[in-house]
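# Architecture at a glance
These are the residues of each chain, in order.
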Amino acid sequence: MIKKFTFGKPFNTFSCVLSVAECAEEIPFGTVETTAPAKSENSFAYTCALKPEDIVFGLGESVRGINKRGFKYVSNCSDVPNQSEDCESLYGAHNFIVISGEKTFGLYFDYPARIEFDIGFTQEDTLTVRADTADIALYVITPDKSAHVLDDIVTQFRTLVGRSYIAPFWAFGYQQSRWGYRTEDDIRSVVKKYRESNIPLDAVYLDIDYMDNFKDFTVSEEKFPAFKSFVSEMKTQHVRLVPIIDAGVKVEKGYSVCDEGEAKGFFCKKEDGSYFTGGVWPGNSRFPDFLNEDARAWFGAQYKKLIDLGIEGFWNDMNEPALFYSTESLADSFKKMESFKGKNLDIQSFFEFADISRSSFNKASDYRLFFHQIKNDDGSVTKVRHDKVHNLFGYNMTRAAAEAFDKITPGKRMLLFSRASFIGAHRYGGIWTGDNGSRWDHLLMGIKMMPSLNMCGFLYTGTDIGGFGGNTSRDLLLRWLAFGDFTPLMRNHSAAGTREQECWRFDHPEDFASVVGLRYRLIPYLYSEFMKAALNNTMYFRPLSFEYEDDKRARSVEDELLVGNDLLIAPVHEQNAVGRMVYLPQDMTLVRYHGNAVTEQTPLAKGDHYVSVPLEDVVFFVKKGHSVPLCKKNASCTEAIDYSSFDVVGDAPKGTAITLYHDDGFATDVSLEKGTIAIKQ
Ligand code: MIG
């Protein structure tokens, strides 16, 4: 049951697709205090008590545990190049939580600006959600069923916010990226090495260097003299190229995207009506007004330039939006620096001086300098200051692209994912989890983020495998790939200047061929479970506690996940570990994959087990009585996956019918009825 409570005049975020009637009853479970907006900050506060055994799930892309208790999180889409466990905000704003305990209920705060979730941080027995203005729609969701209440609440919520984005089949293959590929030949040699090493590959990413001077929707002729034929050359190798699109549009006379956007008034303006200018990769840039539907349609139409060259997928970046500086903050910095000139600096003032140049990065005051022109139903326009709707910017950039794809390539799925997001964006694209580092704790952080993202509708998601910042190592990359085998987006990505981390660069590339190869053996199962999750509004990754709700041990497990209906994974995430303790919430079969083959299937009883996992092995578990199909042979790309007959792992009685979801991988018109096939063993 979903109850809606409205405070003030909420901004329409379009995150919900169902309209729920206003509830006249008292708010159940908690209390809301509001104060007149003029009076103070924190004019909205929802408070409820937490019992010691309560778990709080949710918040999508955020740091720390699957259980969010004990910390404060702030939904405020942020460019966080050095994310760590103490970051209150990451790139996404996903205001959905579920409190699980004696009473289990979900809360969704539909609100487009900064909002704070104090989950037993200030006081361990209190949850408080605070926002600066009391214009909020609050949805309270209680279970309709008596069992699997967490799944039930999530499905109700997901029905409220609409079906998740579905990626094309090829985007379930292994993908290689690096900020640093410059030319056609760079990419050719990456692909060649993958093929030579028998490590499968389906896509290579083009980071900002493919563009002409970082100008969106251009391709550098110097680096890619014949882009269109290069795209098709790669496609004959079964590799798709996926270019990046940044939110900032370079200010340059004669650059059509800038000229047109300015002429049509589609960029964000300041109070005085002049255009806002911020610095990002292209230097001085304009920011498309993605909250204005005409601007959105216009920006979306630009993607056609690359689609016409054969491109079938994009990643949208820098759309928090990230701002290295604005004209105003830069002037301010210079003024401050000037004031230090000629002074005899003491060490304190030296530190202040040294901090000035970086103080313009993603500065809160810059987000108050520009406005959106929101079109109302009657055609009138409401001007809204950016900070009041900040968390909708990246979401609407993704929406701009997805809505345009429907027109440019009707009926065909495109790959699309974004860095910044809000609930609602999950209908238009996936997200990746942004700039992590080549660190063991970031591998674990990614594992823990997956179920929370799924709760919020983001199913097509994954981490930068191997780590984005810093230098990866062979062991870290192998362990990360063994987890990445199960994430719908399986992409290895790294930052410019870090150690190159394509799989074939490391000793014994055959070990990588086996670990990545397993992904391709499993894709029929993984894709099928993904599609079921998308079409049934369920989760692909679940914490153990969702299924084994009465099992106290299961409720505390944070580094194991259920993948679909049949599998459990317990990734190794510690340096030097040669195995790990695994808690099995029921009897299961341990499946070991080593050297391109299943080498062990051992039944294990419910309980704790020490499982040895050498670096080149992948181990996963199949529920007792279940079986999972594996392709008989390795495939070098998704197109080569053979669906004609399968091996199975697990212990379902012989002859048990196994069905899979399977389709052409491209059509947007999908349904479980149409896609279900019985497989041959
Ligand atoms: O300021 O395009 O998160 O994946 O490689 C950095 C360069 C901009 C941030 C993205 C990252 C990408 C990088 N971008």
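Residues numbered from 1 in each chain as written. Predicted model: local features only at pLDDT ≥ 70, side-chain atom pairs only at ≥ 80, totals over all residues. Heavy atoms only, no water.

### A look at the overall build of the chain
Summing up its helical and strand segments, the chain has 15 helices and 40 strands in all. A compact globule built from 681 residues should have a C-alpha radius of gyration of about 26 Å, and the chain, at 25 Å, falls within 12% of that. Judged by the C-alpha coordinates and their principal axes, the chain covers about 75 × 65 × 60 Å. Relative to its 681 residues, the chain shows a buried fraction of 60%. (Helix = DSSP H or I, 4+ residues; strand = E, 2+ residues; numbered from the N terminus. Rg over C-alpha atoms; globule rule 2.2 N^0.38 Å. Buried < 20%, exposed > 50% of the residue type's maximum accessible area, 1.4 Å probe, protein only.)

### Quick word on the sheet that holds strand 18 (residues 283-286)
A sheet is described by the order of its strands in space; here four strands give the open sequence 15-18-17-20, paired in antiparallel fashion. A single partner strand is all that each edge strand has here, and the edge strands are strand 15 (249-250) and strand 20 (325-326). In this sheet, strand 18 lies alongside strand 15 in antiparallel orientation, the contact comprising two bridges. The partner of Val 249 across the bridge, within strand 18, is Arg 286. (Pairing = 2+ DSSP bridges.)

### As for the pattern of salt bridges
Counting across every chain of the model gives 49 salt bridges. Here Glu 639 makes a salt bridge to Arg 240, at a shortest N to O gap of 3.1 Å. Here Glu 639, found in the loop between strand 37 (627-631) and strand 38 (646-650), pairs with Arg 240, found in strand 14 (residues 240-246); they are 399 residues apart in sequence, far enough to count as distant. Of the residues examined, Glu 639 reaches a relative accessible area of 44% and is grouped as partly exposed. Arg 240 sits in the buried class, given a relative accessible area of 8%. Residue Asp 435 pairs with Arg 419 through a salt bridge whose shortest N-O separation is 3.9 Å. Residue Asp 435 is located in the loop between strand 25 (430-432) and helix 10 (440-455), and its partner Arg 419 is located in the loop between strand 23 (415-418) and strand 24 (421-422); the two are separated by 16 residues in the primary sequence. Comparing Asp 435 with Arg 419 shows no difference in burial state: the two are buried. Three or more residues joined by partner-sharing salt bridges are found here, namely Asp 79, Asp 317, Glu 320, Arg 419 and Asp 435. (Salt bridge = Lys/Arg side-chain N within 4 Å of Asp/Glu carboxyl O.)

### Here we look at the layout of surface pockets
Considered as a void within the structure, the largest pocket measures approximately 820 Å³ in volume. In terms of lining residues, the largest pocket is bounded by 30 residues, among which Ala 113, Arg 114, Asp 132, Asp 387 and Lys 388 are the most central. (1 Å grid on protein atoms, 1.4 Å probe; cavity = no way out; pocket = protein on both sides within 12 Å on 5 of 7 lines; lining within 4 Å. Points joined across faces, edges and corners; volume = space filled by probe spheres on them.)

### Section: the domain arrangement of the chain
The domain boundaries assigned to the chain delineate domain 1 (2-161) and domain 2 (538-680). For domain 1 versus domain 2, the distance between C-alpha centres works out to 32 Å. Contact residues are listed per partner, giving 16 residues for domain 1 and eleven residues for domain 2. Of the roughly 1200 Å² buried between domain 1 and domain 2 on both sides combined, carbon and sulfur atoms contribute 52%. (Domains from an automatic or database assignment. Contact = heavy atoms within 4.5 Å. Buried area = accessible area lost by both parts, 1.4 Å probe.)

### What about empty space enclosed by the protein?
Under the definition given, this model contains four cavities of 30 Å³ or more. Ala 570, Pro 571, Val 572, Val 613 and Val 619 are, among the 16 residues lining the largest cavity, the residues nearest its centre. Breaking the lining of the largest cavity down by element, the ones donating at least two residues are helix 11 (474-484), strand 32 (579-584) and strand 36 (618-623). Within the lining of the largest cavity, the residues separate by chemical class into 13 nonpolar, no polar and three charged. Counted as a void, the second largest cavity has a volume near 80 Å³. (Nonpolar A, V, L, I, M, F, W, Y, C, P; charged D, E, K, R; others polar.)

### Describing helix 3 (residues 227-236)
Among the residues of helix 3, Phe 227, Phe 230, Val 231 and Met 234 are the ones counted as buried. Taken end-on, helix 3 shows its buried residues confined to a sector of 100°, consistent with a single buried face. Along helix 3, exposed side chains directed more than 90 degrees from the buried face belong to Lys 228 and Thr 236. Looking at the packing, one finds that the buried side of helix 3 touches helix 2 (184-196), strand 13 (203-206), strand 14 and helix 6 (304-307). Looking one or two places after helix 3, you find His 238, whose phi comes out positive at around 65°. (Arc of directions from axis to C-beta.)

### Topic: the site of the ligand
Residues in close proximity to the ligand total 14 residues, the closest being Asp 207, Asp 317, Arg 419, Asp 435 and His 493. Between His 493 and the ligand, the recorded distance is 2.9 Å, taken from a side-chain N or O atom to an oxygen atom. In the complex, 95% of the free accessible area of the ligand, which totals 360 Å², lies under the protein chains. Its residues assigned to classes, the shell around the ligand comprises nine nonpolar, one polar and four charged. (Near = heavy atom within 4 Å. Polar contact = N/O pair within 3.5 Å; in protein donor to acceptor, adjacent residues only side chain to side chain. Areas by Shrake-Rupley, 256 points an atom, 1.4 Å probe, with all protein chains shown as cover.)

### Quick notes on a nonpolar patch on the surface
A surface patch of nonpolar side chains, about 390 Å² in accessible area, is lined by Ile 347, Phe 350, Phe 351 and Phe 353. Structurally, the position occupied by Phe 350 is in helix 8 (residues 347-356). (Patch = residues over 30% accessible without salt bridge, like charges linked within 9 Å, V, L, I, M, F, W, Y side chains within 5 Å.)

### Topic: the packing of helix 7 (residues 327-340) against helix 8
Packed helix pairs are characterised by how far apart their axes lie and by the angle those axes make with each other. Packing of helix 7 against helix 8 brings their axes to within 9 Å, and their N-to-C directions diverge by 150°. As the angle between them shows, helix 7 and helix 8 are arranged roughly antiparallel. Along this stretch, helix 7 crosses helix 8, giving a crossing that reads as left-handed. On the side of helix 7, the interface is formed by Ser 333, Lys 336, Met 337 and Phe 340, while helix 8 contributes Ser 349, Glu 352, Phe 353 and Ile 356. When its residues are assigned to classes, the contact of helix 7 with helix 8 shows four nonpolar, two polar and two charged. (Axes fitted to C-alpha atoms, helices over the stretch in contact; angles between N-to-C directions. Parallel < 35°, antiparallel > 145°, perpendicular 65-115°, else oblique. Left-handed = near helix turned anticlockwise from the far one by under 90°.)

### Side note on the packing of aromatic side chains
The final tally for this structure, using the stated rule, is 56 aromatic pairs. Centre to centre, the rings of Phe 290 and Phe 393 are 5.0 Å apart; their planes meet at 65°, and the pair counts as edge-to-face. Of this pair, Phe 290 sits in the loop between strand 18 and helix 5 (293-302) while Phe 393 sits in helix 9 (residues 393-408); the two residues are 103 residues apart in sequence, bridging distant segments of the chain. Both residues of the pair, Phe 290 and Phe 393, count as buried. (Phe/Tyr/Trp six-rings, centres within 6.5 Å; stacked < 30°, edge-to-face > 60°.)

### Description of the pairing of strand 14
In terms of residue burial, strand 14 counts as a mostly covered element, since seven of its seven residues are buried. Burial along strand 14 is two-sided: the face carrying Arg 240, Val 242, Ile 244 and Asp 246 and the face carrying Leu 241, Pro 243 and Ile 245 are both buried. Pairing of strand 14 with strand 19 (residues 313-317), which is carried by three bridges, proceeds in the parallel orientation. Within the sheet, the bridge partner assigned to Ile 244 lies in strand 19 and is Trp 315.

### A word on unusual backbone geometry
Between Glu 320 and Pro 321 the backbone carries a cis peptide bond, its omega angle lying at -5°. The residue Pro 321 is located in the loop between strand 19 and strand 20 in this model. A positive phi is found at Phe 29, a non-glycine position, where the angle reads about 70°. Turning to its location among the elements, Phe 29 is positioned in the loop between strand 1 (2-7) and strand 2 (31-34). Phe 29 sits in the partly exposed class, given a relative accessible area of 35%. In this structure, His 238 takes a positive phi of about 65° despite not being glycine.

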